Amino acid sequence: MRHLPVFLDIAGKRAIVVGGGVAAARRAETLLRAGAAVVAFADAYSAEFETLRERHAFERVERWPADASEFAGGAVCVIATDDAARDARMRAAAKSAGVLVNVANNPGLCDFVLPSIVDRDPLVVAISTGGASPLLGRMLRARLEATIPAAFGGLADFVSRMRARVNERISGPVARRRFWERALEGPAAEFVLAGDGERAEAAIARELAAASDDGAIERRGEVYLVGAGPGDPDLLTFRALRLMQKADVVLYDNLVDAKIVDLARREAERIYVGKRRGDHVLPQEEIGDLLVRLAREGKRVLRLKGGDPFVFGRGGEEIEKLAENHIPFQVCPGITAAIGCSAYAGIPLTHRDHAQSVVFVTAHGRNGPLDIDWSALARPGQTVAVYMGLSHIEQLMSEFERRGADPDTPAAIVDNGTRSNQRVVTGTVRTLADAARAANLRGPTIVIVGSVVTLRGKLDWYGDAVAARQAST
Ligand code: SAH
């Protein structure tokens, strides 16, 4: 190991920054975050220093340090003057005052290195490559940033707040560890991550009451209703991915791309619940019952829905049963098909020159097809995105026309949006149905009606990207 990792307590202590550039500003910021009283020296300061000015623990001196006495009493000193000779002189002065020194981009002159950090205060991950490749350190950091939930630090705070209560109820270090191991996998932890401290405490109280003396807690099941986005796995949220990694059982239907189902925990049981017009493997009510039953068995149940669970996903109906049965659940939003299709087809849903409002509508209501309030739709300055419109596209377009839409209004249909087999057919309200049939689209599709469709001529980026990929293989 090239360096000894330590976490230094510099709260309230004097830290010296020499340099007025970007690198110096970043380091000053980090020192301030750790609670140091920072004194900066430079003959001029870059704009990055402006935001630090209001910090009361920050003082800046508009000149270089005169001699070693300026470094006296410093816990640490960071030097980044963009001038190697000056850096070396400053380091010598700081060293003679007995201060630990870091010189930017010069590992040979450093007493300590500043690691890349993932800050989930109070939880901090520090990464060092021993100076071999700071870039590699930053890349690893980006990966950790993506996998450690933003609210993870709250979990550490929570444990520290609850510790006394747990210690009182459960004696013995092994039993306590078992208790925490299970608690941090369960609903209490999920409540903390979702920002609901009160319910988290209530959950811990329940688990404490139910815990046996050896710290074992009966595992309570829970349900995650998660939006999987329109298809491209890259469009999953961090939270969706995290919950997918926790699940014991996954319920999915055919709107969810197979590549996404594959990202669930490998050991998780997978249950296909179907759903395509006329192909309901499980009726909606039975899905709700199944969720309840699996959760009652103590399982962590992931209900994966295409797009967003609360946009034409009947997510609300499925979780009503959970609420009635007091089963903990959480809902994780996803990118809904209209949003995904619009981005990947290069058709902005709003645009100052074209549309000031956008409506999401389904062509398929509770009582069958086309249960739509047309008068609210066919309006100038409004984009309409129609879900489930392919099977009735002729009716759909002729209704638009009949209710006053200009037949020349541009319209597009996006098939398998955001996926590698995405296809986009454009036309007008009058021509789109024929064009869609001629293209033999299979669905799922989103129909977009409005003059924003013309922008695709300029803004289509994904079609080009797919074409380039295909050309290169
Ligand atoms: N909850 C989903 C919608 C479910 S309804 C969401 O928020 O996206 C099913 C309809 O969504 C399909 O009939 C189709 O209109 C649309 N849809 C879903 N995925 C799509 C995709 N990749 N491309 C185009 N349309 C899609």
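Thresholds, definitions, all that
Residues numbered from 1 in each chain as written. Predicted model: local features only at pLDDT ≥ 70, side-chain atom pairs only at ≥ 80, totals over all residues. Heavy atoms only, no water. Pairing = 2+ DSSP bridges. Helix = DSSP H or I, 4+ residues; strand = E, 2+ residues; numbered from the N terminus. Axes fitted to C-alpha atoms, helices over the stretch in contact; angles between N-to-C directions. Parallel < 35°, antiparallel > 145°, perpendicular 65-115°, else oblique. Left-handed = near helix turned anticlockwise from the far one by under 90°. Contact = heavy atoms within 4.5 Å. Nonpolar A, V, L, I, M, F, W, Y, C, P; charged D, E, K, R; others polar. Phe/Tyr/Trp six-rings, centres within 6.5 Å; stacked < 30°, edge-to-face > 60°. Buried < 20%, exposed > 50% of the residue type's maximum accessible area, 1.4 Å probe, protein only.

All right, on to the sheet that holds strand S18 (residues 423–428) then. Spatial ordering of the open sheet is given by S13-S16-S19-S17-S18, a layout of five strands whose pairing is mixed. The open sheet has two edge strands with one neighbour each: strand S13 (357–362) and S18. Neighbour-to-neighbour, the strand axes of this sheet turn through a mean angle of 20 degrees, independent of strand direction. By the bridge criterion, six bridges tie S13 to strand S16 (residues 382–387) in an arrangement that is parallel.

Here we come to the packing of helix H10 (residues 284–296) against helix H11 (residues 315–324). For the pair H10 and H11, the least separation of the axes is 9 Å and the interaxial angle reads 40 degrees. Classed by the angle they form, the pair H10 and H11 counts as oblique. Judged by the twist between their axes, the crossing of H10 over H11 is right-handed. The segment H10 lies against H11, with Gln284, Glu285, Ile287, Gly288, Asp289, Leu291 and Val292 engaging Glu317, Glu318, Lys321 and Leu322. The residue inventory of the contact of H10 with H11, partitioned by class, reads four nonpolar, two polar and five charged.

This part takes up the packing of aromatic side chains. What the rule picks out here adds up to nine aromatic pairs. When the centroid spacing of 4.8 Å and the interplanar angle of 70 degrees are considered together, the rings of tyrosine 45 and phenylalanine 49 count as edge-to-face. Residue class for tyrosine 45 comes out buried when judged on its relative accessible area of 14%. On the accessibility criterion, phenylalanine 49 (0% relative accessible area) is buried.

Now for the packing of helix H4 (residues 152–169) against helix H7 (residues 197–210). The N-to-C vectors of H4 and H7 enclose an angle of 20 degrees; their axes lie 11 Å apart at closest approach. Judged on the interaxial angle alone, H7 and H4 are roughly parallel. H4 and H7 meet at a crossing whose hand is right-handed. In this structure, H4 contributes Phe158, Arg161, Met162, Arg165, Val166 and Arg169 to the contact, and H7 contributes Ala200, Glu201, Ile204, Ala205, Leu208 and Ala209. Looking at side-chain class alone, the contact of H4 with H7 contains eight nonpolar, no polar and four charged residues.

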